[in-house]
Amino acid sequence: MNKQTRTLAVLAILVVVCLGGYFALRSWNQTQEEAEHTYLARMSQVSHITYDKDGLEMGFTLDGEDVWVYDGDETFPIDGDDLSAIAALFESLEAQRVITQPEALSSYGLDQPQRTVTAEGQSADSESSDAVTILLGDEVNGAYYAMVEGDETTVYTIPSDLFDKTDCTLLQLGQPEQLPSLKEENVEAVALSQNGQAVSLTKTTQTETIETGETGEDGSPETQEITQYTWYLDGAELPQDSQAVDDLLSALAQLNFTQCLAYKSAQEELEAMGLAGEDTLTLTVTYGGGQTLTLLCGIDTGEESGSVYAMQEGSDMVHALSSSTADTLSGLIQADWTAVPESEEES
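Residues numbered from 1 in each chain as written. Predicted model: local features only at pLDDT ≥ 70, side-chain atom pairs only at ≥ 80, totals over all residues. Heavy atoms only, no water.

1. Some remarks on the overall build of the chain
Scanning the chain from N- to C-terminus turns up 7 helices and 19 strands. With 347 residues in all, the chain has 36% of them scored as buried. Taking contacts inside the chain between residues at least 6 apart in sequence as the whole, the part at least 24 apart equals 60%. A total accessible area of about 20,100 Å² is found for the chain, and carbon and sulfur atoms account for 44% of it. (Helix = DSSP H or I, 4+ residues; strand = E, 2+ residues; numbered from the N terminus. Buried < 20%, exposed > 50% of the residue type's maximum accessible area, 1.4 Å probe, protein only. Contact = heavy atoms within 4.5 Å. Areas by Shrake-Rupley, 256 points an atom, 1.4 Å probe, with all protein chains shown as cover.)

Here it is in structure tokens:
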């Protein structure tokens, strides 16, 4: 073997050794990285969540797939999306930082936690049931100090998700009631009343078939159906282009509850919200073949809130409703229902 051949052989051996070392180091680093992940909780199939907010502890049970029930009142309508998101966090609640030799718990706000969150379900590491309680302390750089109840030897920092998603009241978790879609074709009658004044409207529908002036392939004239709605105020026929009717139909189409504000309120509370008195705006709509919606509208929910207190008659839930929609309905009680748009009056 000459000198050049020996040199090439040595270089080849060095390349093999270096590659072996590289892959070994890479594998070790990956193993170390995986080992450095620390979890406060690893659960699957979370079935119960409890947390406190503003001094009130609330518990929720998963009853079937994605159906959450409030333990304090099974009839309370829950929007389960937020609770499902909280349950998902407990599947792998990972620490950002681990403090193995913590100072006094008061240094982290954990002597009096801002929030306590408990999840119950199945452990991700076994088939047995498990429960984990997380204590949340002070905020730190967009995260929160946290501790697993029962273990005061270790303090963690975790992302703000758990605090943020539990930073809501029971009413904020409520599912607003869905109002029916009200359009001219399915509305049959409307009544409005407030402060001793009232208006009552009814509608008739006339459908006729007319020829379009065109012929089909077989030479017969093509036809189409034309539907015309006629509105009556207290029995008197209104103009086809009544501006007040247009405003009414626009307001009905925009009826929508935006959030839950109160539940099972006492009579005096309803009166304070303007939902039980002479000044309450009452809207009754007959639609869809005899179905009835009766809506009560009260006072503004707050300065510049853009909404009023509102509820369906017979319901336990008070909602927020657009104040502009309520104002339109209230104004129609004294409107001139025979008026048509100015451009049509001029023509």
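2. A word on the pattern of salt bridges
For side chains bearing opposite charge, pairing can occur when the charged atoms are close. Tallying each qualifying case throughout the model produces 4 salt bridges. A salt bridge links K53 to D54; its shortest N-O distance comes to 4.0 Å. The buried category is assigned to K53, whose relative accessible area is 14%. Through salt bridges that share partners, K53, D54, R115 and D167 make up one connected network. (Salt bridge = Lys/Arg side-chain N within 4 Å of Asp/Glu carboxyl O.)

3. Let's talk about the nonpolar core
Grouped burial of nonpolar side chains is what soluble globular proteins tend to show. Counting 36 residues, the largest nonpolar core has L40, Y51, F60, I78, F90, I134 and L162 as the members making the most contacts within it. Residues contacting I134, with those up to four places away along its chain left out, are L40, F90, L93, R115, T116, V117, A146, M147, V148 and L162. Counting residues in each nonpolar core, the second largest holds 34 residues, with V187, L233, L255 and L283 among its members. (Core = buried A, V, L, I, M, F, W, Y, C linked by side-chain atoms within 4.5 Å.)

4. Quick look at the sheet that holds strand β4 (residues 68-70)
As summarised here, the arrangement of the 8 strands in space is β4-β3-β2-β7-β8-β9-β10-β6, forming an open sheet in which the pairing is antiparallel. Strand pairing shows two members of the sheet lacking a second neighbour, β4 and β6 (97-99), which therefore form its edges. Neighbour-to-neighbour, the strand axes of the sheet open up by a mean angle of 30°, direction not taken into account. Examined bridge by bridge, strand β9 (residues 143-148) and strand β10 (residues 155-159) share 4 bridges and lie antiparallel to one another. Bridge pairing in β10 links Y144 to I158. Across the sheet, helix α2 (residues 81-89) is in contact with β2 (43-53), β3 (56-62) and β4; its angle to β2 comes to roughly 115°. (Pairing = 2+ DSSP bridges. Axes fitted to C-alpha atoms, helices over the stretch in contact; angles between N-to-C directions.)

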